[in-house]
Amino acid sequence: MANENANAVPEPKDASTVILVRDAESGIEIFLLQRVQGMAFAGGMTVFPGGGVDKSDATAEVEWAGPSVEWWAERFSTDVARAKALVLAAVRETFEECGVLLAGPTADTVVADTAGYAQDRVALEKHELSFSDFLKKENLVLRTDLLRPWANWITPVGETRRYDTRFFVAASPTGQIADGVTSEAAEVRWQSPQDALAHWREGGSILLPPTWSQLTELAKFSSVAEILAAEPEIPVILPTLITDEETLRVEFPNQDGYYTAGPHPWSIKVAK
């Protein structure tokens, strides 16, 4: 029985990631977060804000503005309960990790400044406060209409920590400041997709395949309006982990360029 458990493939945990975008003189910029070294998952990697779904996300009772839960379930090819939890997690994790809050006093407004919620943000990150209780306390409406569904990636079989991650895009609200005031970030920055990819090619960052793929795709857009108007197909992408005596890598759709330029996580493991 012990051997069976040791060889069992861990089920991927639901997770949400939000790609924050804003218009800039040269086109669009994207908010990126470099995770702290030594973290159990993606330590040292440059990623978008996001994280795992909490149990409280599935049971949250909130004021909801925007597309229905059923609409989200259809776009992400899942059931209603799961879709609700994924959307809640997307907004909650974005607030926890960079202070951007996709909520407002009414269904057509958004918070102008989140500095006054600093203590609540810490309490949320420490799981001392649920997101639904926070929104109720502050009389805030969840603005799901500010989000757009974007992609769905699953961590390859063979990794010890696996996530079934839904990617969203959202315009960073005017007046709010995305920061790195979180225990999970070593550094944060706004970069154009082109600059972020150039930084990676020069060895300045390490990108997981989903991050690299989203940056590559977003480099095709010239404005936030274009991104928000897009209606991408959202296939489930499950990369394949390839291992032999000298090679450790993953294979995934449209990977041309990923292994011919900048560093990837598996180069670190091979070096060790």
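Since the model is a prediction, treat every value here as computed from it, not as a measurement. (Residues numbered from 1 in each chain as written. Predicted model: local features only at pLDDT ≥ 70, side-chain atom pairs only at ≥ 80, totals over all residues. Heavy atoms only, no water.)

Caption draft 1: How the structure looks around the overall build of the protein. Of the regular secondary structure elements, the protein holds 10 helices and 13 strands. Buried positions account for 51% of the 272 residues belonging to the protein. Considering only contacts in the protein between residues 6 or more positions apart, those separated by 24 or more positions represent 71%. For the protein, the accessible surface area stands at approximately 13,100 Å², while carbon and sulfur atoms represent 50% of it. (Helix = DSSP H or I, 4+ residues; strand = E, 2+ residues; numbered from the N terminus. Buried < 20%, exposed > 50% of the residue type's maximum accessible area, 1.4 Å probe, protein only. Contact = heavy atoms within 4.5 Å. Areas by Shrake-Rupley, 256 points an atom, 1.4 Å probe, with all protein chains shown as cover.)

Caption draft 2: Local environment of the pattern of salt bridges. Under the defined criterion, the tally for this structure stands at 16 salt bridges. With a shortest N-O distance of 3.9 Å, glutamate 61 and lysine 84 are connected by a salt bridge. Of this pair, glutamate 61 sits in the loop between α2 (55-59) and β5 (63-65) while lysine 84 sits in helix α4 (residues 80-98); the two residues are 23 residues apart in sequence, bridging distant segments of the chain. Here glutamate 93 makes a salt bridge to arginine 92, at a shortest N to O gap of 3.1 Å. (Salt bridge = Lys/Arg side-chain N within 4 Å of Asp/Glu carboxyl O.)

Caption draft 3: Focus on the packing of aromatic side chains. Enumeration according to the criterion identifies 16 aromatic pairs in this entry. Between tryptophan 71 and tryptophan 72, the aromatic rings sit 4.9 Å apart at their centres with planes inclined by 90°, giving edge-to-face as the arrangement. On the accessibility criterion, tryptophan 71 (32% relative accessible area) is partly exposed. By relative accessible area, tryptophan 72 is classed as buried at 0%. Considering the side-chain rings of tryptophan 72 and phenylalanine 76, the 6.2 Å spacing of their centres and the 25° angle between planes classify their relative orientation as stacked. The residues tryptophan 72 and phenylalanine 76 share a single accessibility class, namely buried. Linked through ring pairs, Trp153, Trp200, Trp212, Phe252, Tyr258 and Tyr259 together constitute an aromatic cluster. Above the ring of tyrosine 259, the side-chain terminus of arginine 249 is found at 3.9 Å from the ring centroid. (Phe/Tyr/Trp six-rings, centres within 6.5 Å; stacked < 30°, edge-to-face > 60°. Lys NZ or Arg CZ within 6 Å of the ring centre and 35° of its normal.)

Caption draft 4: Representation of the nonpolar core within the structure. Counting residues in each nonpolar core, the largest one holds 38 residues, and the members touching the most others are Leu101, Phe131, Phe134, Leu147 and Phe168. Secondary structure elements with two or more residues in this core: β1 (13-24), α3 (69-75), α4, α6 (131-137) and β9 (163-171). Ranked by residue count, the leading element in this core is α4, at 10 residues. In terms of nonpolar packing, the next biggest core, distinct from the first, is built from 26 residues, Trp150, Ala151, Leu207 and Tyr258 among them. (Core = buried A, V, L, I, M, F, W, Y, C linked by side-chain atoms within 4.5 Å.)

Caption draft 5: Focus on helix α8 (residues 209-218). A large share of α8 lies buried, amounting to eight of its 10 residues. Buried within α8 are the following residues: Pro209, Pro210, Thr211, Trp212, Ser213, Gln214, Leu215 and Leu218.

Caption draft 6: Molecular detail of the pairing of β9. For β9, a buried count of eight out of nine residues is recorded, marking the element as mostly surrounded by other parts of the structure. When β1 meets β9, the two strands line up parallel, connected through nine bridges. Considered in β9, the bridge of aspartate 14 is made with aspartate 164. Judged from the seven bridges that link them, strand β8 (residues 147-154) and β9 form a sheet pairing that is antiparallel. Bridging from a neighbouring strand, leucine 147 pairs with alanine 170 of β9. (Pairing = 2+ DSSP bridges.)

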